[in-house]
2 protein chains.
Amino acid sequence: MKSKRIPKATIGRLAVYVQVLESLRRDRVEVVSSEKLAQACSVNSSQIRKDLAYFGEFGVRGVGYYIQELITSIKRSLGIDRVWNCALVGVGNLGRALMKHRDIPRKGFVIKAAFDCDPDRIGLVIKGIEVMCLSRIKEVVPSLDVEVGFISTPPERAQRAANFLIEAGVRGIVTFAPARLEVPANIPVEYVDFSHHLYAVAFYINQEANKA
Amino acid sequence: MKSKRIPKATIGRLAVYVQVLESLRRDRVEVVSSEKLAQACSVNSSQIRKDLAYFGEFGVRGVGYYIQELITSIKRSLGIDRVWNCALVGVGNLGRALMKHRDIPRKGFVIKAAFDCDPDRIGLVIKGIEVMCLSRIKEVVPSLDVEVGFISTPPERAQRAANFLIEAGVRGIVTFAPARLEVPANIPVEYVDFSHHLYAVAFYINQEANKA
DNA sequence: CCGCGCATGTGAAATTTTTAACATGAGCTG
DNA sequence: CAGCTCATGTTAAAAATTTCACATGCGCGG
C-alpha cells in the first residue's frame, strides 16, 4: 500500500465494485476472484487488482476475495464506513425528492438541514426537517456537524448556494444544478447531471449505426 | 476531421461544454475563446480544441468560437440535434418522476410509452401516457419508433427489463437501477447512479484532510 | 493591401492509465 | 510435509490521453 495519486477513474470503478459485490452478497456468494468480478463489472481483472492495490491487500492468493470483507475494506478506503451529515440548499421539486429519497441515508448520507430563500418555502417541514432561511446556514451547519452540501437550486442560483455552503464550513459539495461552480481548490465538487448520460447514449447509438 | 476512435472522456466533456456554452448564451455572450471556455469548465484549453477537432473545425482563428454555432455543431456531433423516442420500464416512484421530469423532453428525449408488470400499475395514465403490461413491449416499441429504453425497476428486475427492451428493438439503454446489465456489444448502456457521486465526494474530502 | 496580433488546429512530447506477464504465497492433497 | 494448483500482488510493457508548442490563417489597422 503505497501513497500514490489515485486516478479519478479508480474511484468511479470502486463504486461499481461495491455495487456488484453487494449484489453478489445478496445472492449469498462468499468468495469471488478478480476475474469473475471483472466480468460482472465489464473491466479487466488486472484493473481490479490494481485499483485495490492502491489501498491495501484485500485478497487471499489462490482463493480470491471474501466478499463481505472486501466490501468493508473498499468502503473504509472510500471513507463511507461512517455517516456523513449533509445540508441541502434549494427546496424545489428536486430538493424535496432528495429529502424523501430513502437511498441517500441508506448510503450513509443524512440530510440534517434544508435551506431556501423563498419565503413560501421557509417553515415547511419535510421528513422531519424544517426548511430554514439561507441566512441561517452559517449558524446551523457547524452546530449540526454538517460536512457535505447538496445544491438543488436552479442553475443561476447554484453559485450563490455554493458560496453560502462553503462560507458555512462544508468540506465538499454535490450539486444537482446544471451549472459549473467556482470553488476553492480544497473543496471537492461532484456534478450530478443525468442529461450527460442521455447525450452519451445518443452518441453511442449513432456510432454503432455508423459501424454497421 | 479524421475518423478516429473518440475517447469516452471526450463525450463527457462535450456535454459539459454544451452546458457552459448554453449558460454563456443566456448571458448574451456571442464569442468565446478556448481559453475562456476552458477556465469555465476547469479543463485545459488544448483539451477543448482537441476534443472539438475529433468532429471538425468549428472555430475562427484569431477570434474564437461563435457560441450559438458551436452549440449547434456539438449537438449535431453528439447526435442530439433531433428527438429521440424513449420507452420506460418500471413505473415506481422513480419511474413516475422521470415521466414527469420536464428536462428530459427539453433535452430531446421524449418518453412515448411506459411499461410495468404490476397489475396495479397497468392502466395508470401519467402525463398522458398509459402504463402497459410489459408483454406488449415488442409490439409497441417498433410502432412508436422507440430507440432508447429507460430502466427504473428495482435492481433485481433490471436485467429482465433490459432483455425485453432489446428484444423489442431499442438501440440503447439508460438505466437508473443499481445493477450491471449484460447486453450485446452493439447496445450501449449508460448507468445513472448518483450514489457514485456521494462516494466520490466523501473520498475526496478525506483526501483533502490527509493532505493538510 | 500589407503586416501584425491573436486564437485556432495539429503534430509531437509527456504523462497517465490500462493491459499483460510473472513471481509470490495460500491452501489442499496424497 | 512436500509438491501442486490457483489467484493474488506487482513489475514491466503497451496503449491511450493529456499537455505542450508552434505553424496556420483570419481579421483589423495603418
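Bear in mind that the values here come from a model prediction, so they are computed numbers and not experimental data.

*Asks:* Could you give an account of the relation of the copies chain A and chain B, with specific residues and numbers?
*Replies:* For the pair chain A and chain B, the best superposition has an RMSD of 0.0 Å and corresponds to a rotation of 180 degrees with a translation of 0.0 Å parallel to the axis. The transformation relating the two chain copies, once decomposed into turn and shift, fits a two-fold axis. The fraction of interface residues of chain A whose copies in chain B are also interface residues reaches 100%, indicating that both copies meet through the same surface.

*Asks:* Can you tell me about a nonpolar patch on the surface, naming the residues and giving the values?
*Replies:* Residue and element names in this part refer to chain A. Together, Val 31, Val 60, Val 63 and Tyr 66 make up a nonpolar patch on the protein surface, roughly 280 Å² of accessible area in all. Relative to the helices and strands, Val 63 resides in the loop between helix 3 (45–53) and strand 2 (65–66). Given the relative accessible area of 41%, Val 63 is considered partly exposed.

*Asks:* Give me the sheet that holds strand 7 (residues 148–151) of chain A: which residues, what numbers.
*Replies:* All names here are of chain A. Reading across from one edge, 5-6-4-3-7-8-9 is the order of the 7 strands in this open sheet, with mixed pairing throughout. Across the chains shown, the open sheet's two edge strands, defined by having one partner strand only, are strand 5 (125–126) and strand 9 (189–191). Relative to strand 4 (residues 109–116), strand 3 (residues 84–89) runs parallel, the two sharing 6 bridges. Opposite Ala 87, over in strand 4, you have Ala 113 as the bridge partner. Most of the contacts of helix 8 (residues 158–168) go to strand 7, to which it runs at about 165 degrees, and overall it touches strand 3, strand 7 and strand 8 (172–175).

*Asks:* Explain the protein's contact with DNA strand C to me, and be specific about the residues and the numbers.
*Replies:* Taken together, 26 residues surround DNA strand C, and among them Arg 13 and Arg 61 of chain A together with Ser 34, Arg 49 and Tyr 65 of chain B come closest. Close to the protein, within 4 Å, the atoms of DNA strand C belong to sugar or phosphate groups at a rate of 65%. At 3.4 Å, a side-chain N or O of Arg 49 of chain A approaches a base nitrogen of DNA strand C. Here Lys 50 of chain B contributes a side-chain N or O atom positioned 3.4 Å from a base nitrogen of DNA strand C. When residues of the surface near DNA strand C are assigned to their parent elements, the largest contribution, 4 residues, is made by helix 3 of chain A. Among the residues making up the surface near DNA strand C, the classes are represented as 8 nonpolar, 9 polar and 9 charged.

What counts, and at which threshold
- Residues numbered from 1 in each chain as written.
- Chains lettered and ligands numbered in written order.
- Predicted model: local features only at pLDDT ≥ 70, side-chain atom pairs only at ≥ 80, totals over all residues.
- Heavy atoms only, no water.
- Least-squares fit on C-alpha atoms with pLDDT ≥ 70 in both.
- Contact = heavy atoms within 4.5 Å.
- Patch = residues over 30% accessible without salt bridge, like charges linked within 9 Å, V, L, I, M, F, W, Y side chains within 5 Å.
- Areas by Shrake-Rupley, 256 points an atom, 1.4 Å probe, with all protein chains shown as cover.
- Salt bridge = Lys/Arg side-chain N within 4 Å of Asp/Glu carboxyl O.
- Helix = DSSP H or I, 4+ residues; strand = E, 2+ residues; numbered from the N terminus.
- Buried < 20%, exposed > 50% of the residue type's maximum accessible area, 1.4 Å probe, protein only.
- Pairing = 2+ DSSP bridges.
- Axes fitted to C-alpha atoms, helices over the stretch in contact; angles between N-to-C directions.
- Near = heavy atom within 4 Å.
- Polar contact = N/O pair within 3.5 Å; in protein donor to acceptor, adjacent residues only side chain to side chain.
- Nonpolar A, V, L, I, M, F, W, Y, C, P; charged D, E, K, R; others polar.

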